[in-house]
Amino acid sequence: DVKVTQSSRYLVKRTGEKVFLECVQDMDHENMFWYRQDPGLGLRLIYFSYDVKMKEKGDIPEGYSVSREKKERFSLILESASTNQTSMYLCASSLGPAPYEQYFGPGTRLTVT
Amino acid sequence: RKEVEQDPGPFNVPEGATVAFNCTYSNSASQSFFWYRQDCRKEPKLLMSVYSSGNEDGRFTAQLNRASQYISLLIRDSKLSDSATYLCVVARRYNNNDMRFGAGTRLTVKP
């Protein structure tokens, strides 16, 4: 069974703080993704990575950066958290691009106050 | 306009009912199509891929209409356990990581 884990289930941070969200997958998948999910908007892609140290911007990369130093780990960084980054953040991994299935982690509910 | 649009529902149906969801997509170059299921406060999971000829998996049938740019999901003989949000997902190109998710259609099956 593919397992994708995320470092925190719930996180509360203050405006201006630097925030790290960690994601680890155990299936040697090439591709990893970060999404945010907001009511009425669905999942929106922030960044994805198709190999170690490789990354590409998704739809909404502004205010975020990512790091992939090891194949199994993909980190999302909020350089200076803002209240409009309050959201559910979902990490996913897949063996390859579409039509390969994406496997999601349980999500991190981030609140920025 | 969103690239992938779904009726948000909620759809409230009795057990045993047949229910259908539609999803429209705006990018005519889209190549791969999926339905994911998301239970309350859980992560999305793949329900089924959608093939050009239509496909069936037990009580679930998915159809694709490229000319009209819509995808449908039919659930027959609804079970209480089918209660979830169903996400329509479109990959812009084959062999591509850029997947677009609809906001989801919520289904509640009642006894």
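Scroll up for the structure.
What you see is a predicted model, and the numbers here were worked out from it, not measured in a lab.

**Comments concerning the overall build of chain A**
Link 1 in the chain: From N to C terminus, chain A includes zero helices and eleven strands.
Link 2 in the chain: The linear arrangement of helices and strands in chain A, starting from the amino end, is β-β-β-β-β-β-β-β-β-β-β.
Link 3 in the chain: In terms of overall size, chain A behaves like a compact globule, its C-alpha atoms giving a radius of gyration of 13 Å where 113 residues would be expected to give roughly 13 Å.
Link 4 in the chain: By principal-axis analysis of the C-alpha atoms, chain A measures approximately 35 × 30 × 25 Å.
Link 5 in the chain: Residue burial in chain A is summarised as follows: out of 113 residues, 48% are buried.
Link 6 in the chain: Nonlocal contacts in chain A, meaning residues at least 24 apart in sequence, comprise 56% of its contacts between residues at least 6 apart.

**Observations concerning the pattern of salt bridges**
Link 1 in the chain: Under the defined criterion, the tally for this structure stands at 16 salt bridges over all chains.
Link 2 in the chain: Between Glu30 of chain A and Lys71 of chain A there is a salt bridge, with the nearest N and O atoms lying 3.0 Å from each other. Of the two residues, Glu30 of chain A sits in the loop between strand E3 (19-25) and strand E4 (31-38) while Lys71 of chain A sits in the loop between strand E7 (64-70) and strand E8 (73-78), which places them 41 residues apart along the sequence.
Link 3 in the chain: Classification of Lys71 of chain A by relative accessible area gives partly exposed; the value is 23%.
Link 4 in the chain: The partner of Glu69 of chain A in a salt bridge is Lys53 of chain A, with the nearest N and O atoms 2.5 Å apart. Pair noted here: Glu69 of chain A is in strand E7 and Lys53 of chain A is in the loop between strand E5 (42-51) and strand E6 (54-57), with a separation of 16 residues, a long-range link.
Link 5 in the chain: Accessibility expressed as a relative area gives 52% for Glu69 of chain A, which makes it exposed.
Link 6 in the chain: Each of Asp59 of chain A together with Glu3, Arg92, Asp98 and Arg100 of chain B takes part in a single network of salt bridges with overlapping partners.

**A look at the sheet that holds strand E1 (residues 4-6) of chain B**
In sheet architecture, strand pairing relies on hydrogen bonds along the backbone and comes in two forms, parallel and antiparallel.
Residues and elements named next belong to chain B.
Link 1 in the chain: The five strands are arranged E1-E3-E8-E7-E6 in an open sheet whose pairing can be described as antiparallel. Each having just a single partner strand, E1 and strand E6 (55-57) make up the two edges of the open sheet. Neighbouring strand axes in the sheet, compared pairwise and without regard to direction, differ in orientation by 20° on average.

**Re the packing of aromatic side chains**
Link 1 in the chain: By the definition in use, this model includes eleven aromatic pairs over all chains.
Link 2 in the chain: Both rings, one in Tyr35 of chain A and one in Phe101 of chain B, keep their centres 5.2 Å apart while their planes meet at 75°; by these two values the pair is edge-to-face. Taken together, the positions of Tyr35 of chain A in strand E4 and Phe101 of chain B in strand E10 (residues 99-101) put the pair across two chains.
Link 3 in the chain: Judged by its relative accessible area of 5%, Phe101 of chain B falls in the buried class.
Link 4 in the chain: An angle of 90° between the planes, with centres 6.1 Å apart, marks the rings of Phe104 of chain A and Tyr36 of chain B as edge-to-face. Taken together, the residues span two chains, with Phe104 of chain A in strand E10 (residues 103-104) and Tyr36 of chain B in strand E4 (residues 32-38). Each member of the pair, Phe104 of chain A as well as Tyr36 of chain B, is classed as buried.
Link 5 in the chain: Every member of this aromatic cluster is reached through a ring pair, and the members are Phe33, Tyr35, Phe48 and Phe104 of chain A together with Tyr36 and Phe101 of chain B.

What counts and what doesn't
- Residues numbered from 1 in each chain as written.
- Chains lettered and ligands numbered in written order.
- Predicted model: local features only at pLDDT ≥ 70, side-chain atom pairs only at ≥ 80, totals over all residues.
- Heavy atoms only, no water.
- Helix = DSSP H or I, 4+ residues; strand = E, 2+ residues; numbered from the N terminus.
- Rg over C-alpha atoms; globule rule 2.2 N^0.38 Å.
- Buried < 20%, exposed > 50% of the residue type's maximum accessible area, 1.4 Å probe, protein only.
- Contact = heavy atoms within 4.5 Å.
- Salt bridge = Lys/Arg side-chain N within 4 Å of Asp/Glu carboxyl O.
- Pairing = 2+ DSSP bridges.
- Axes fitted to C-alpha atoms, helices over the stretch in contact; angles between N-to-C directions.
- Phe/Tyr/Trp six-rings, centres within 6.5 Å; stacked < 30°, edge-to-face > 60°.

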